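Spelled out, the chains give:
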Amino acid sequence: MPTSIAIGADHAGFAYKEAIKTWLIDHDYTVEDFGTYSADSADYADFAHPVATAVETGTAERGILVCGSGEGVSMTANKHQGIRAALVWRADLAQVTRQHNDANVLCLPERFVDLDTAYACVEAFLNTEFEGGRHQRRVDKMSC
């Protein structure tokens, strides 16, 4: 299980980022918060890039990003080679994207899931292992 998590959000994901950060700390994860640090308008790419870089370079084992739809942070993080950012809105999706895609960044849509669902997605993402095997071959084909 990962122990170090990079987290970030824009203004539309700020409230959940703060709640998830507290949840992670309460569950003994080491968290590096890349912002935003308020609900003031902010650009999602300014937070998605540092989180993706932390995961890409091994500074963090996994990343969590939150924005209004989850799409902007997902698209931005996936620009990084070696990042497999997955937009999820149900815990079973978080689980299968770990099992089959070895996702290393979880992207959540604050405007479309309740906080309990977000927590369940985080828990599934952090506690599910990659299955490897036939899935490894497919993951190996993702990079350009």
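Residues numbered from 1 in each chain as written. Predicted model: local features only at pLDDT ≥ 70, side-chain atom pairs only at ≥ 80, totals over all residues. Heavy atoms only, no water.

Novice: How would you explain the side chain of His80 if you had to name every residue and give the values?
Specialist: If you trace the backbone, His80 turns up in the loop between helix 3 (71-77) and strand 4 (85-87). Assessed through its relative accessible area of 15%, His80 is described here as buried. Not counting the four nearest positions on each side in its chain, His80 is found in contact with His49, Ala52, Thr53 and Glu56. (Helix = DSSP H or I, 4+ residues; strand = E, 2+ residues; numbered from the N terminus. Buried < 20%, exposed > 50% of the residue type's maximum accessible area, 1.4 Å probe, protein only. Contact = heavy atoms within 4.5 Å.)

Novice: Please give an account of the nonpolar core that cites residues and values.
Specialist: In terms of nonpolar packing, the biggest core is built from 23 residues, with Ile20, Leu24, Ile64, Leu106, Leu108, Val122 and Leu126 touching the most fellow members. Counting residues per element, this core draws most heavily on helix 5 (residues 115-127), at six residues. Contact partners of Ile20, with chain neighbours within four places excluded, come to Ile7, Ile64, Val66, Leu108, Ala118, Tyr119 and Val122. Residues Ala6, Ala52, Ile83 and Ala85 belong to the second largest nonpolar core, which totals 15 residues. (Core = buried A, V, L, I, M, F, W, Y, C linked by side-chain atoms within 4.5 Å.)

Novice: Before we move on, can you summarise helix 1 (residues 14-26) with the specific residues and values?
Specialist: Under the 1.5 Å per step criterion, the end-to-end length of helix 1 is 18 Å for 13 residues, consistent within 8% with the ideal 18 Å. For helix 1, every residue scored as buried is listed here: Phe14, Tyr16, Lys17, Ala19, Ile20, Lys21, Trp23 and Leu24. Against the buried residues of helix 1 lie strand 1 (4-9), strand 2 (30-33), strand 3 (62-67), strand 5 (105-109) and helix 5. Taken from the residues just after helix 1, Asp28 is the one with a positive phi, measuring 70°. (Expected span 1.5 Å × (residues − 1).)

Novice: How would you summarise the pattern of salt bridges if you had to cite specific residues and measurements?
Specialist: Scanning the model with the defined rule gives seven salt bridges in all. Close ionic contact of Lys21 with Asp33 constitutes a salt bridge, the shortest N to O distance being 2.8 Å. Pair noted here: Lys21 is in helix 1 and Asp33 is in strand 2, with a separation of twelve residues, a long-range link. The burial state of Lys21 is the same as that of Asp33; both residues are buried. With a shortest N-O distance of 3.2 Å, Asp102 and Arg84 are connected by a salt bridge. (Salt bridge = Lys/Arg side-chain N within 4 Å of Asp/Glu carboxyl O.)

Novice: Outline the packing of helix 1 against helix 5, listing residues and values.
Specialist: Geometry of a packed helix pair, given as the angle between the helix axes and the separation of the axes. The geometry of helix 1 relative to helix 5 is characterised by a closest axis approach of 11 Å and an angle of 50° between their N-to-C directions. On the basis of their axis angle, the class for helix 1 and helix 5 is oblique. Regarding helix 1 and helix 5, the two cross each other, and that crossing is right-handed. Of the residues in helix 5, those in contact with Tyr16, Ala19, Ile20, Trp23 and Leu24 of helix 1 are Leu115, Ala118, Tyr119, Val122, Glu123 and Leu126. Per-class residue counts for the contact of helix 1 with helix 5 are ten nonpolar, no polar and one charged. (Axes fitted to C-alpha atoms, helices over the stretch in contact; angles between N-to-C directions. Parallel < 35°, antiparallel > 145°, perpendicular 65-115°, else oblique. Left-handed = near helix turned anticlockwise from the far one by under 90°. Nonpolar A, V, L, I, M, F, W, Y, C, P; charged D, E, K, R; others polar.)

Novice: Which residues make up the layout of surface pockets, and what values go with them?
Specialist: Rolling a probe over the atoms, with the probe sized like a water molecule, indicates the empty space that remains. When its volume is computed, the largest pocket comes out at roughly 170 Å³. In this structure, the largest pocket is lined by Asn78, Lys79, His80, Gln81, Gly82, Ile83, Arg84, Val139, Asp140, Met142, Ser143 and Cys144. Tallied by class, the residues present in the lining of the largest pocket amount to four nonpolar, five polar and three charged. (1 Å grid on protein atoms, 1.4 Å probe; cavity = no way out; pocket = protein on both sides within 12 Å on 5 of 7 lines; lining within 4 Å. Points joined across faces, edges and corners; volume = space filled by probe spheres on them.)

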